[in-house]
Amino acid sequence: LKTLFNEYAEKRGVSLRSLRFSYNGKTLFLSSAGKKTPDEFSMNDRDVITVCDTNYLAQETSSSRSGAKKKKAVAPKQHAKKH
């Protein structure tokens with residue numbers, strides 16, 4: 001997943017450190033999840049990884065506490081293994 005995280009940050013033009021990824025309500029930390037594949041999380045095609053930009057959260061005023069700006073990254077398609 002590290003490649004997905006890095007590509008997402010690069011395409012958005014933001015620091016990877018400012019992004020928080022989660023899947024099925026659980027935070028995906030780069031230090032542990034980055035070394036795993038979507039299969040290891042039982043991800044399927046079109047599953048969604050939620051992304052929170054903490055820089056955006058820090059820029060919000062206290063009067064608009066509607067939460068962080070969220071984007072969604074779709075898990076990459078898995079290719080069937082041929083035997």
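All figures in this text were calculated on a predicted structure; none of them were measured in a lab.

Caption draft 1: A look at unusual backbone geometry. Unlike most non-glycine residues, Asn 24 shows phi in positive territory, near 55 degrees. Position of Asn 24 relative to the elements: it lies in the loop between strand S1 (19–23) and strand S2 (26–28). Here Asn 24 falls in the exposed class, since its relative accessible area comes to 65%. Although it is not a glycine, Ser 42 sits at a positive phi angle of roughly 55 degrees. Topologically, Ser 42 is positioned in the loop between helix H2 (30–33) and strand S3 (48–53). Look at Ser 42 and you get exposed, because its relative accessible area is 56%.

Calculation rules
Residues numbered from 1 in each chain as written. Predicted model: local features only at pLDDT ≥ 70, side-chain atom pairs only at ≥ 80, totals over all residues. Heavy atoms only, no water. Helix = DSSP H or I, 4+ residues; strand = E, 2+ residues; numbered from the N terminus. Buried < 20%, exposed > 50% of the residue type's maximum accessible area, 1.4 Å probe, protein only.

Structural measurements only, silent on function.
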